[in-house]
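As a plain string of letters, each chain reads:
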Amino acid sequence: MTEPGADVFAPETQELLACAEVQCARRGVRLTKLRRTVLGLVIESPRPAGAYDLLARLEPAHGHAAPPTVYRALEFLLEEGLIHRIERLSAYVACVHHLQHHHHEAATGHTAQFLICRTCGRVTELHDAELAAALARATAGQGFRPDSATVEALGVCIGCAPAKVSLAVPPP
Ligand SMILES: [Zn+2]
Ligand SMILES: [Zn+2]
């Protein structure tokens, strides 16, 4: 039985949320009801979710939530490494690394690259260690110390690409 006003998420989402709860408990932080709901909504969103989409989707179960409340919840989820912010879209995606692969190591600091499809709006998260290392080498070569180095590649995903277009990687 779900309590009145509780959020109904798909079983797969519930599983990921349970995983997130374990990770938070291990780090001594609390995945409050609102944070949990916001994370669930981000997980279930087929496209990166903007703060205002999330506000609208919180309404049925949580009533009118003030924007700062949602921003604080998003801030928390970002700090815990459970979601990422896609700067180009001002929107959020769940971190596949932490949630779907059940990695339980330290939350922050993992480097990721994002492939953003400009046709369907889907975002794919990559963890290419070589790309991250190349970027670190290149910036160090300039004596530059980046705070973050998130790659956001804009293009067309395999599902949206016309069938005849070759998606082969060109030779270096
Ligand atoms: Zn991630
Ligand atoms: Zn696409």
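Up top is the structure these notes are about.
Reading the values: the criteria
- Residues numbered from 1 in each chain as written.
- Chains lettered and ligands numbered in written order.
- Predicted model: local features only at pLDDT ≥ 70, side-chain atom pairs only at ≥ 80, totals over all residues.
- Heavy atoms only, no water.
- Buried < 20%, exposed > 50% of the residue type's maximum accessible area, 1.4 Å probe, protein only.
- Helix = DSSP H or I, 4+ residues; strand = E, 2+ residues; numbered from the N terminus.
- Pairing = 2+ DSSP bridges.
- Salt bridge = Lys/Arg side-chain N within 4 Å of Asp/Glu carboxyl O.
- Core = buried A, V, L, I, M, F, W, Y, C linked by side-chain atoms within 4.5 Å.
- Contact = heavy atoms within 4.5 Å.
- Phe/Tyr/Trp six-rings, centres within 6.5 Å; stacked < 30°, edge-to-face > 60°.
- Lys NZ or Arg CZ within 6 Å of the ring centre and 35° of its normal.

Enquirer: How do you make sense of the pairing of strand E2 (residues 91-94) when you look at a structure like this?
Expert: Residues in a regular strand project their side chains so that they alternate between the two faces of the sheet. Burial of E2 is two-sided: the residues Ala 91 and Val 93 facing one way and the residues Tyr 92 and Ala 94 facing the other way are all buried. Pairing of strand E1 (residues 83-86) with E2 involves four bridges; the strand directions are antiparallel. Residue pairing across strands places Ile 83 opposite Ala 94, the latter belonging to E2. Here E1 folds back onto E2 in antiparallel fashion, the turn holding four residues, of which Ser 90 has a positive phi close to 50°.

Enquirer: Where do I start with the pattern of salt bridges in this structure?
Expert: Charged atoms that come close allow side chains of opposite charge to pair. A complete count under the given rule lists three salt bridges for this structure. For Glu 80, the salt bridge identified is with Arg 27, shortest N-O distance 2.7 Å. Placement of the pair is Glu 80 in the loop between helix H4 (67-79) and E1 and Arg 27 in the loop between helix H1 (11-26) and helix H2 (33-44), with a sequence separation of 53 residues. Note on Glu 80: relative accessible area 10%, which makes it buried. Residue Arg 27 is classed as partly exposed on the basis of its relative accessible area, which comes to 28%.

Enquirer: How should the nonpolar core be read in this particular structure?
Expert: Among soluble globular proteins, nonpolar side chains are generally buried collectively. With 28 residues, the main nonpolar core has Val 38, Leu 39, Leu 54, Leu 74, Leu 77 and Leu 99 as its most contacted residues. Elements that contribute at least two residues to this core include exactly H1, H2, helix H3 (51-62), H4 and E2. Considering each element in turn, this core owes the most residues, six residues, to H2. If we skip the residues at most four places from it in the chain, Leu 77 touches Leu 31, Arg 35, Val 38, Leu 39, Leu 82 and Ile 83. Membership of the second largest hydrophobic core comes to five residues, among which are Ile 86, Val 93, Phe 114 and Ile 116.

Enquirer: Help me out: how do you make sense of the packing of aromatic side chains in this one?
Expert: Aromatic ring pairs are described here by two measures, namely the spacing of the ring centres and the angle between the planes. For the coordinates displayed, the defined rule picks out zero aromatic pairs. Seen from the ring of Phe 76, Arg 35 lies directly overhead, with NZ or CZ sitting 3.7 Å from the centre.

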